[in-house]
Amino acid sequence: MASEVKLEFRDFKATSASHHTDRFPEHPEWRVVRRGAGVPLTIVAEGSGVVQGVSSAYLVRVSDDDFEIPFSTDLAPNGIDLKLPVNCPIGLYGVYVRCALTTPGDSGSAAAAAGEPARRHAVESASLAQKLLVVANPWNDEDEVYLGDDAERQEYVLSSNGRVYAGSKRGMPWLFGQYRENSVLAVIALLAKCTEEDRKSVVRLSRRMTTLLNSGDDGGVLEGNWSGDYSGGIKPWIWQSSSAILDEYIVSGEQTVKYGQCWVFSALYAAVMRALGVPCRSVTNFDSAHDTDSNRSIDSYFDEDGEALDDMNNDSIWNFHVWNDCWMKRPDLPAGYSGWQAVDATPQEESKVGREKRSMYRMGPAPLHAIKEGKGCAYDTEFVISEVNADIREWVVKKDGPMEMSSVKRRGVGTAIVTKSVGNNRASYITSEYKYAEGTVSERVALSHAHSDATEEPVSFEVVTPSWEDLPVGSKVRIGVKMKNGTDLSQKVSLRIRARLCTYTGRTLKTLTPLSKSVQLAKESEREVESIVTPAQYLNEFQDRVLLVFAVYAQVASKDSDTPGQVFTDTHSIFLELPELRLKVSSEVGHKAVAAVRFEMLNPLRSNLTNIQVQAECDGLLRKNVELDMGNLGSAETLSGSFVIRGLEVGSHELLVGLTSDQLTGINASVTITVVAEGATQKPAVLSENDELDITDVDFKIPENRLAHHTEEYEDDTMVIWRRGQEAVMDIELSQPVKKVNVAFKFTLIKRIGGRRFSFTRQVANVPVHDNKLSVSASLPFDMPVGRYTLTVAVQTASQHVATFDAEDPIVVLFNPWCKDDEVYMENEEELAEYVMNETGGIWVGKYRRNRPMKWDFGQFDMASLETALFLIERVPNKHRHQAPMIVRYLSSALNSEDNNGVLVGNWSGDYADGTPPTGWIGSVEIFEEYMRSSRNTRKKPVKYGQCFIFSGIFTSALRTLGIPSRSVTNFRSAHDCHFNRAIDYYVGVDGDSLEDKNEDSIWNFHVWNEAWMKRSDLPYGYGGWQAVDSTPQELSEQVYCCGPASLHAIKMGQSFNYDSNFIIAEVNADHRLWVERKDSSFVLKRVLTDHVGKEITTKAPGQKLASMDITHLYKHPEGSVANRAALGANVTVGSIEGESGEGEKSDVGFFIDVHDAKLGDDVKADIGLKNTANESRTVTYRITARPLFYTGAGRGKAFFDTGKNEVVIAAGQGDSTTVTVKASEYLAKLQPHQQYWLEFVFFGCVKETDQTDVQTDVMELIVPELTVTLVDATEGNEVQLGQPVRVNITGDLSLSVPTKPRSAALSWNGRGLARNQKRQLGSVDRSKPFSAEITITPTLRGPRTLVVGLSSSELVNVDGSLDLNVV
């Protein structure tokens, strides 16, 4: 009997699981496997044959039988293990092997005669019955699509559900459906249209697929349509799954499907590429530029009446555009260009690169690194650079003259680039992956061109539009134009506001009646004109993905007939949100069990909705898609309905539900439902109102929960304060006895501004009830938004009786640095005690090598601190309330008054008559209390005044209040780099005077900011930990005065990552360059100090009383090291004035100055020295001056001390020195009230023989006295009794060596649990004798407490002391 050899899978379920292809169907004709992995097969010899070995194995591509790929095999006891090459071209293959076979021989053979069994040997071929669809393998580190992070592989390869952001930033649920049979068949059909070269390279394959998916060339899968006429097909916004499109493509015999728009193409592309094993994500670019002339600018043209000239407006800005990113190596490009690559299947522009034969509608792959750096390379990076970063130029075309540019906007394109977050349905903002922060030097360099800024105009204009969150469809839309006349003449303005209803690509659907108005502005006056669009004006033409576009045109009448008047143009788009479709269903359903899904939606229109259709689809819950005809719905009525689902497959599934009507389409919602195995616990169904059972009381167990949540120190012991990521225990009392109940907790986040509220529900099933009472724990998500919540507790009995209880007061939820899953988690207990729990500390001020801690009462557990912090973050959008980086960044703006009436007004003028001098504060609580007391409404009045050390103190308090570890950090010799060139340029005139008009940069003697501890999921791995943040209003960032969070690791490495790291790099590591003016008014660079800036960066050491800790090493590598210079990079460029280097100038005389420390009121001495290193004598003319100085490095007028010119002759190799003395009477008269006491000495010299010039400076702070704080009746360990008055003595040596006029002073003391914002006016203080005062405090809280005391007057600042007490 002849033997046949068959090839079979050994255990394909195990194989597919190891290949991560087990969700694909086990089709009788094909199976999906990944290259670079093994496929175990069994060789079966039917009959009496025995397989002895395999001589060869190879793949044969199905579409080309001549193409074979040999691959290696390992012989196993029951078969072979085929090893697919990691570079195997992606495609459909047949599997063949040749094997050696032995069978029994003839009994009369020679072998049989010799007593051996006869054998016959043959070579047989065998083939696998199923074809193999070989796809890419992102789990194999040799594959060109290798992606190392498992969570990202789950999201970008395996996930069949996701979000596509199309207009709305809340995201549209989408089913990619790459595992469905027809989806795989469509992929196989598309691969058959690819060349061998396409399939060998993922770079080429990804590019080819952008062509095959659109119908612009070769009859692709989907036809794009933006005309508004969708007859003969499906409207683009009705689609909610890619698999439905691919299914229609296969069923129709590969006929093009109608119709799609950009988000549909993107979702379709994501499904195909994920099926092929290529990591892929959908990406939405809000305000996306379509640059038709490749000049990286979007040009809009208007006539003199403000009407758009559509025949000239070839460029456009789409309200949003959706494309894709694919992850891959780029062997065709230099190193550094691998990773995410932008690709786009939407047919916008034809592309032909290199040896490609013809132009086709395709785009990418374009490396994101190249896009961000503005570098053109394969493929189509120039087009994407414009899409995300083009400038907007608006032109007015004159009737009888040339056109004039009216405005240039550099922040109107690529305002937010969004994709779905890994592992959850929140939006992830990836703008920083595509471009540098707007307005930065890096961003301008990347764009490779810039336009001149507009000149100063007599009238300033500001267009005021509502937030996108606040405008559901059916709302009135208001837009205002603010005009401010900055001149002392009246101005006449002709204003025109035109509104259009447009598609998201900018195509006009309807032009509304424009508003035209003539406005007379009085001198130095302001006025706002408002234009209102009512629903009646736009609803008749309303359809999904449309927006209102307002074009503003204003012309200021010219005062001179020969000069044209000022022209202002601007455009703004407002997207109208569709109504919300709400779903009600249990989050769990049993396997093979059924559950009802209820849906409802309110009709927001003033007209009926007709022909309403509801569709639902989900592989694991529905055998076939649900399609319901819901009829019509009246105005302001609520639609409700239901359908049934069944638990078909154990695991989590996302149910997609969509609603369409004749008037509104594209309304959709989704919910994740877990199918649990039989016998597993299920969560209770959604609760409804029922009065048959009551909750009589809920005990929130405040003491127990506060202790467990580390919130026991917050002042109001009646307030419920929890930390996220932790369980909260409650006792519930019912009105009647029951055995068991299901409990649900509904949390609703409180917002201070408009917009949709955020809420979520936590459920606990089968809670036993004893004597009408039950104890239950609510588990708070570790990533829930922080803030105040309303809480509703509901219970449901087995008989479906339901009762609810609304908590009377809000529940406060804070960050949790004790929770490992929270992004602010801090492991070290000593650091937690210091940076979260410690209420008092020090803020270091002074100078390098001579500094001291200013005692500060942070008071983060005081109710004023908590109320202020919660009040401020209630303006943060819901989507950012869970993110520590965004909360911290917002607070850095909200704590200063430059934007949105923040907490504190910065003032460095010296005039504090209408407020408290910055040096008059001793803690944060008094500032917060004054701010919250200033108004009962949401518009508070900023507190006056603060400087950097005060801003840092209140920032530390606010962050610790919210649960974010924080510390105040002082940078001595802190650079303020106005030119962002990482260099500080200091200019000196020919006589040695500082040229204040040219010295724009400065070096602050010290500057105080903050650090906050957190993970940075928006940055690469390794950039979490301490982040620098600064609320002192110094420079604009993203158009507001804020700074950070900037990763300390990024700062140390010199990397310009989000946010503002470049500015802080300069603060701690800039070069200091001295330029000296020559007699011909030119400048010569005399000296570059690379180690002058960023000295002794200091914070308080954990667990030690007012001990400093040097953390300079966290900000930069050691000075002078190669690593330090490499981090500073090549960014150090020329300053505001060009000059030449003085390196060739002869410099053989050294100049030195050293100012002695001195107490306030003592004479100040400065040693100066000269050293002649030449072989001949030198004649030196020198001058020494002194002047008062702000701590910011800014001078306070001219020098009050001047030695005049002195001349000395120094012999060869010799030196000369002298000491100058500034009398106390000389400087005391020059010191300004309420200021710290700084003096700057300047030593300027010139060598007669060589024309060498040099300038040396030294800065000193006059030492102020400290207060000594002690108990009048001393006790061991400073132990005092709770509730008993305690006398405290305060002393200090305030005497001066020269007589001064007595000044009134104030004594302040504060400390939680000891005293609260106490102050005593002392009248005139006699400075001729020691100071002494006594106060009485009464402790109100037990435990270790610290009293902080400060003394201030117009001539005494930063005089403070503290006392540690133990209250028993």
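These numbers were taken from a predicted model, which means no experiment stands behind them.

1. Thoughts on the side chain of Gln-947
As for its position among the elements, Gln-947 is in the loop between strand 54 (943-946) and helix 19 (948-962). Under the relative-accessibility criterion, Gln-947 is labelled buried at 2%. At 2.9 Å, the side chain of Gln-947 forms a polar contact with the backbone oxygen of Asn-907.

2. Here we look at the pattern of salt bridges
Applying the stated criterion across every chain, the model contains 59 salt bridges. Measuring nitrogen to oxygen at the nearest pair gives 3.0 Å for the salt bridge that ties Arg-281 to Asp-325. Taken together, the residues span a long stretch of sequence, with Arg-281 in strand 15 (residues 280-290) and Asp-325 in strand 17 (residues 316-328) at a distance of 44 residues. Considered together, Arg-281 and Asp-325 belong to a single accessibility category, that of buried residues. A salt bridge links Arg-1073 to Asp-985, with the shortest nitrogen-to-oxygen separation between them at 2.8 Å. Here Arg-1073 is found in strand 62 (residues 1071-1077), whereas its partner Asp-985 is found in strand 56 (residues 983-988), with 88 residues between them in sequence. According to the relative accessible area criterion, Arg-1073 is buried, its value standing at 9%. The class for Asp-985 is buried, based on a relative accessible area of 3%. Sharing partners across several salt bridges, the network here consists of Glu-713, Glu-839, Arg-1312 and Arg-1345.

3. Concerning the sheet that holds strand 31 (residues 526-533)
Reading across from one edge, 26-27-31 is the order of the three strands in this open sheet, with antiparallel pairing throughout. Whereas interior strands pair on both sides, the edge strands pair on one side only; in this sheet they are strand 26 (459-464) and strand 31. The average angle at which neighbouring strand axes cross in this sheet is 15°, direction not considered. Relative to strand 27 (residues 477-485), strand 26 is paired through six bridges, and the arrangement is antiparallel. Within strand 27, the position partnered with Val-464 by the bridge is Gly-480.

4. Focus: the nonpolar core
Looking at soluble globular proteins, one finds that nonpolar side chains tend to be buried together. Of all hydrophobic cores here, the largest spans 82 residues; its most connected members are Phe-949 and Tyr-1115. Core analysis: the next-biggest nonpolar cluster, separate from the first, contains 76 residues, Val-257, Val-272, Trp-318 and Tyr-504 among them.

5. Focus on the sheet that holds strand 18 (residues 339-343)
Here we have six strands laid out as an open sheet, ordered 21-18-17-15-24-25, and antiparallel in their pairing. Each of the sheet's edge strands pairs with one partner strand only, and the pair in question is strand 21 (366-367) and strand 25 (427-429). Where strand 18 lies against strand 21, two bridges are found, and the strand directions are antiparallel. Its bridge partner being in strand 21, Gln-341 is matched across the sheet by Pro-367.

6. Considerations on the environment of Asp-1258
With respect to the helices, strands and loops of the structure, Asp-1258 is situated in strand 74 (residues 1253-1261). Along the backbone, Asp-1258 and Ala-1186 are 72 residues apart, and their C-alpha atoms lie at a distance of 9.7 Å. Residues within four places of Asp-1258 in sequence aside, it is in contact with Lys-847, Ile-1153, Asp-1154, Val-1155, Leu-1239, Glu-1240 and Phe-1241.

7. Points about helix 3 (residues 150-158)
Residues Arg-153, Glu-155, Tyr-156, Val-157 and Leu-158 constitute the buried set of helix 3. One side-chain oxygen of the residue at the start of helix 3 lies 2.9 Å from the amide nitrogen of Ala-151, identifying that residue as Asp-149.

8. Some remarks on the packing of helix 17 (residues 884-894) against helix 19
Relative orientation of the contacting elements helix 17 and helix 19 amounts to 150°, with a least axis distance of 11 Å. Relative to helix 19, helix 17 is oriented roughly antiparallel. Helix-helix and strand crossings are classified by hand; for helix 17 and helix 19 the assignment is right-handed. Two secondary-structure elements touch here, helix 17 through Ile-887, Val-888, Leu-891 and Ser-892 and helix 19 through Phe-955, Leu-959 and Leu-962. When the residues that make up the contact of helix 17 with helix 19 are grouped by side-chain class, the tally is six nonpolar, one polar and no charged.

Thresholds, definitions, all that
Residues numbered from 1 in each chain as written. Predicted model: local features only at pLDDT ≥ 70, side-chain atom pairs only at ≥ 80, totals over all residues. Heavy atoms only, no water. Helix = DSSP H or I, 4+ residues; strand = E, 2+ residues; numbered from the N terminus. Buried < 20%, exposed > 50% of the residue type's maximum accessible area, 1.4 Å probe, protein only. Polar contact = N/O pair within 3.5 Å; in protein donor to acceptor, adjacent residues only side chain to side chain. Salt bridge = Lys/Arg side-chain N within 4 Å of Asp/Glu carboxyl O. Pairing = 2+ DSSP bridges. Axes fitted to C-alpha atoms, helices over the stretch in contact; angles between N-to-C directions. Core = buried A, V, L, I, M, F, W, Y, C linked by side-chain atoms within 4.5 Å. Contact = heavy atoms within 4.5 Å. Parallel < 35°, antiparallel > 145°, perpendicular 65-115°, else oblique. Left-handed = near helix turned anticlockwise from the far one by under 90°. Nonpolar A, V, L, I, M, F, W, Y, C, P; charged D, E, K, R; others polar.

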